[in-house]
Amino acid sequence: MGKTIFRDSKMKQPTLFTKSTLPIPAYILPVLLFLCSCTTTEIDEFRQSSTSINNLDETIVILGRRQNNNYETEQSFVGCVADVVSRGENSITVVDEQEFLDAMFPFFEPRTAPMRTGHLEQLMSMDVAAQKLEEFGIEYIVWLDGITERSEQSGSISCTIGPGGGGCFGFGTWQDDSNFEAEIWHLDSQSSVGSISTDANGQSYMPAVVIPIPLIARVEANACNGLGNQLKNFINGT
Amino acid sequence: MMQMMQLIKGHVFQNPDAGRLAGIKYSLLAMVLLLTACSATTINIEGTFPAPLVQKLPLTVGVYYDEAFSNHSFIEINDNTGDDQYIINSGASQIALFNTMLPAVFEQVIQLDSIESAASMSGIDAVFVPAIEEFQVGLPQKTRLNVYEIWVKYNMRLAQSNGDYIADWVMTAYGKSPEETFQSVDAGVNDAANVALRDLAASFTLGFSNIPEINEWLRSQDVMKE
């Protein structure tokens, strides 16, 4: 019998950066506000099994994958997702990544971390490791893998400084693209229960008329919020 | 006569040589800045390492860190000028790592002043001597990758207290750290080195008993069962 696959909501969350006052001519303002910092976030969920968690004594840990040669999942992003999951309604207790890695050392280092759920069986067969996981009350292990890449950089800004003062003039723009995937493992059944992927992208602008005005698209922050909230709902089974 | 009034810590006093002193002061400052610009940056690797979560082997092991190991230093050369660019001192953190790792792997660890001193001490099952054979650094400015990288090749030796050979094996450690905005080279290299040292500790603790010569010796000592 095959596994049921749910393709959950495909969300688009355009967000606009707003600032009440900007030191630029009035006619440019609406154009800039229209263009600036528009971020699109797309989230896909793939569920293989039902999930639930008892928030009184069960916890989860969110770990970044650091096996890739060209990049590694930033600890700050892992911390951001953990923060979202552990706050608000239906919050889940998340064990701090570094605290977990130090306590479980050397079993979750880049070279030794389990890459497939099959490796969990091997890990749990070691008494010291199994006992420590039980102490933490870990119910689910979430593996985060991804990166934010910058592309399509164009424009230039030149700044000068002299005895009478200084200033900048020019225009710069770039695109940020965040791609992250969370794979959720259930420790007791030693199986993968699903995955959530997020793809967020947005264009940032930096016009400079005397002073540079950064109009930054919060791409990674949106990816973090989207992924964190979806993960919280996924594990709670809601 | 030109006089200069100088205000220092709220006290006003007259200093007739102030102009000359200021000239000397600025000349010295310029020289220091010039020398600093040309000299290599020293990076001292610092970090703390967790004790590995493994079952101890019932052995008493003597460990000897030779001069080259305990004061290990690597010099990264500037490709353009051929001058020393960075001096990376990792000896202290290497010893800190081994002093944390070995007591977690063996029942008792004794630090030796020399390899020969083990022969006169009773109860030592084996003598362990680590050595660094190669040390490489990858800086984003040279590799064009957005990561700092450290790669270290070790030679590990294990002998009996009387000097008889048990095992001699090579281990490599690799660590990388993503380049961050406004991050100094020192911090990037330090982070990558700490990851590399953790990598070594991870593969040492989990792989020690699986090295064929050591496995055979452990069986002969009844430490491991067939």
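Quick notes on the rules
Residues numbered from 1 in each chain as written. Chains lettered and ligands numbered in written order. Predicted model: local features only at pLDDT ≥ 70, side-chain atom pairs only at ≥ 80, totals over all residues. Heavy atoms only, no water. Helix = DSSP H or I, 4+ residues; strand = E, 2+ residues; numbered from the N terminus. Buried < 20%, exposed > 50% of the residue type's maximum accessible area, 1.4 Å probe, protein only. Contact = heavy atoms within 4.5 Å. Polar contact = N/O pair within 3.5 Å; in protein donor to acceptor, adjacent residues only side chain to side chain. Pairing = 2+ DSSP bridges. Axes fitted to C-alpha atoms, helices over the stretch in contact; angles between N-to-C directions. Arc of directions from axis to C-beta. Disulfide = S-S within 2.5 Å. Salt bridge = Lys/Arg side-chain N within 4 Å of Asp/Glu carboxyl O. Buried area = accessible area lost by both parts, 1.4 Å probe. Core = buried A, V, L, I, M, F, W, Y, C linked by side-chain atoms within 4.5 Å. pLDDT = per-residue confidence, 0-100. Phe/Tyr/Trp six-rings, centres within 6.5 Å; stacked < 30°, edge-to-face > 60°.

## Considerations on the overall build of chain A
Part 1 of the reasoning: Check the secondary structure of chain A and you find six helices and seven strands.
Part 2 of the reasoning: In chain A, the order of α-helices and β-strands from amino to carboxyl end is β-α-β-β-α-β-α-α-α-β-β-β-α.
Part 3 of the reasoning: For chain A, the residues scored as buried account for 43% of the 238 residues in total.
Part 4 of the reasoning: Of the contacts made within chain A by residues no fewer than 6 positions apart, 73% connect residues no fewer than 24 positions apart.

## Topic: the side chain of Gln 85 of chain B
All names here are of chain B.
Part 1 of the reasoning: As for its position among the elements, Gln 85 is in strand S6 (residues 84-89).
Part 2 of the reasoning: Within polar-contact distance, the side chain of Gln 85 engages the side chain of Lys 142 at 3.3 Å.
Part 3 of the reasoning: Ignoring anything within four residues of it in the chain, the contact list for Gln 85 reads Ala 40, Thr 41, Glu 76, Ile 77, Asn 78, Gln 141 and Lys 142.

## A closer look at the sheet that holds strand S5 (residues 73-77) of chain B
All names here are of chain B.
Part 1 of the reasoning: Within the open sheet, the three strands sit side by side as S3-S6-S5. Their pairing is mixed. With one partner strand each, in any of the chains shown, strand S3 (41-44) and S5 form the two edges of the open sheet. Neighbouring strand axes in the sheet, compared pairwise and without regard to direction, differ in orientation by 20° on average.
Part 2 of the reasoning: With respect to the sheet, helix H5 (residues 185-207) is in contact with S3 and S6, its orientation differing from that of S3 by roughly 35°.

## Remarks on helix H5 (residues 127-136) of chain A
Residues and elements named next belong to chain A.
Part 1 of the reasoning: Along H5, the residues classified as buried are Ala 129, Ala 130, Leu 133 and Phe 136. For H5, the buried positions fall inside an angular range of 125° around the axis, keeping them on one side. Facing away from the buried side of H5 by over 90 degrees, the exposed positions are Asp 127, Glu 134 and Glu 135.
Part 2 of the reasoning: Buried positions along H5 lie against strand S3 (59-64), strand S4 (94-95), helix H3 (97-103), helix H4 (118-124) and strand S5 (138-162).

## Quick notes on the state of the cysteines
Joining two cysteines, a disulfide is a covalent bond between their sulfur atoms.
Residue and element names in this part refer to chain A.
Part 1 of the reasoning: The final tally for this structure, using the stated rule, is two disulfides over all chains.
Part 2 of the reasoning: Bridging Cys 80 to Cys 224, the disulfide has an S-S length of 1.9 Å. Judged by the sign of its S-S torsion, about -100°, the cystine formed by Cys 80 and Cys 224 is left-handed. Residue Cys 80 is found in helix H2 (residues 75-85), and its partner Cys 224 is found in helix H6 (residues 219-236); the two are separated by 144 residues along the sequence.
Part 3 of the reasoning: On the basis of relative accessible area, Cys 80 is assigned to the partly exposed category, the value being 27%.
Part 4 of the reasoning: What connects to what in chain A, once the bonded cysteines are numbered by sequence position, is 1-4, 2-3.

## Looking at the pattern of salt bridges
Part 1 of the reasoning: By the definition in use, this model includes 13 salt bridges over all chains.
Part 2 of the reasoning: For Glu 45 of chain A, the salt bridge is made with Arg 47 of chain A, and the minimal N-O distance between the two is 4.0 Å. Neither residue differs from the other here; Glu 45 of chain A and Arg 47 of chain A are each classed as buried.
Part 3 of the reasoning: Across the salt bridge formed by Lys 153 of chain B and Glu 134 of chain B, the nearest N and O atoms sit 3.9 Å from each other. You can see Lys 153 of chain B sitting in strand S9 (residues 147-159) and its partner Glu 134 of chain B sitting in strand S8 (residues 126-138), a full 19 residues away along the chain.
Part 4 of the reasoning: Look at Glu 134 of chain B and you get partly exposed, because its relative accessible area is 33%.

## Focus on the interface of chain B and chain A
Part 1 of the reasoning: Between chain B and chain A, the contact holds 19 residues from the first and 19 residues from the second.
Part 2 of the reasoning: Summing both partners gives a buried area of about 1600 Å² for chain B against chain A, and 61% of it is carried by carbon and sulfur.
Part 3 of the reasoning: Contact with chain A buries surface across chain B, with Leu 53, Lys 176 and Arg 198 of chain B losing the most and accounting together for 42% of the total.
Part 4 of the reasoning: At the boundary of chain B and chain A, one finds four salt bridges.

## Quick look at the nonpolar core
Part 1 of the reasoning: One finds Phe 98, Phe 128, Tyr 154 and Trp 169 of chain B to be the most contacted residues of the largest nonpolar core, which totals 53 residues.
Part 2 of the reasoning: Ranked by residues supplied to this core, first place goes to H5 of chain B with nine residues.
Part 3 of the reasoning: What Tyr 154 of chain B contacts, discounting residues up to four positions off in sequence, is Phe 69, Gln 94, Phe 98, Ala 131, Ile 132, Glu 133, Trp 169, Val 170, Met 171, Ala 173, Leu 197 and Leu 200 of chain B.
Part 4 of the reasoning: Formed by 29 residues, the second largest nonpolar core is a distinct cluster that contains Ile 43, Ile 92, Val 94 and Ala 200 of chain A.

## What to know about the confidence of the model for chain B
Part 1 of the reasoning: Looking at chain B, the pLDDT average stands at 86 and 82% of residues meet or exceed 70.
Part 2 of the reasoning: Counting contacts from residues 1-14 of chain B, a segment whose pLDDT is below 50, to residues more than four positions away or on other chains yields 14 contacts.

## Some thoughts on the packing of aromatic side chains
Any aromatic ring pair is given by two values, namely how distant the centres are and how the planes are angled relative to each other.
Part 1 of the reasoning: This model, assessed by the stated rule, comprises 18 aromatic pairs over all chains.
Part 2 of the reasoning: When the ring of Phe 100 of chain A is compared with that of Phe 108 of chain A, the centres are 5.0 Å apart and the planes differ by 65°; the resulting orientation is edge-to-face. Each member of the pair, Phe 100 of chain A as well as Phe 108 of chain A, carries the same accessibility label: buried.
Part 3 of the reasoning: Taking the centre distance of 6.4 Å and the plane angle of 65° together, the rings of Tyr 65 of chain B and Phe 98 of chain B count as edge-to-face. Linking Tyr 65 of chain B in the loop between strand S4 (57-63) and helix H2 (67-70) with Phe 98 of chain B in helix H3 (residues 91-105), this pair joins segments that are 33 residues apart in sequence.
Part 4 of the reasoning: Take Tyr 65 of chain B: its relative accessible area is 8%, and that puts it in the buried class.
Part 5 of the reasoning: Of the residues examined, Phe 98 of chain B reaches a relative accessible area of 0% and is grouped as buried.
Part 6 of the reasoning: Ring pairs connect the aromatic residues Tyr 65, Phe 69, Phe 98, Phe 106, Phe 128, Tyr 154, Trp 169, Phe 204 and Phe 208 of chain B, which therefore count as one cluster.

## As for the environment of Glu 42 of chain A
Residues and elements named next belong to chain A.
Part 1 of the reasoning: One can find Glu 42 in strand S2 (residues 39-47).
Part 2 of the reasoning: Looking at Glu 42, the relative accessible area reads 26%, which means it is partly exposed.
Part 3 of the reasoning: The spatial distance from the C-alpha of Glu 42 to the C-alpha of Ala 200 is 6.1 Å, given a sequence separation of 158 residues.

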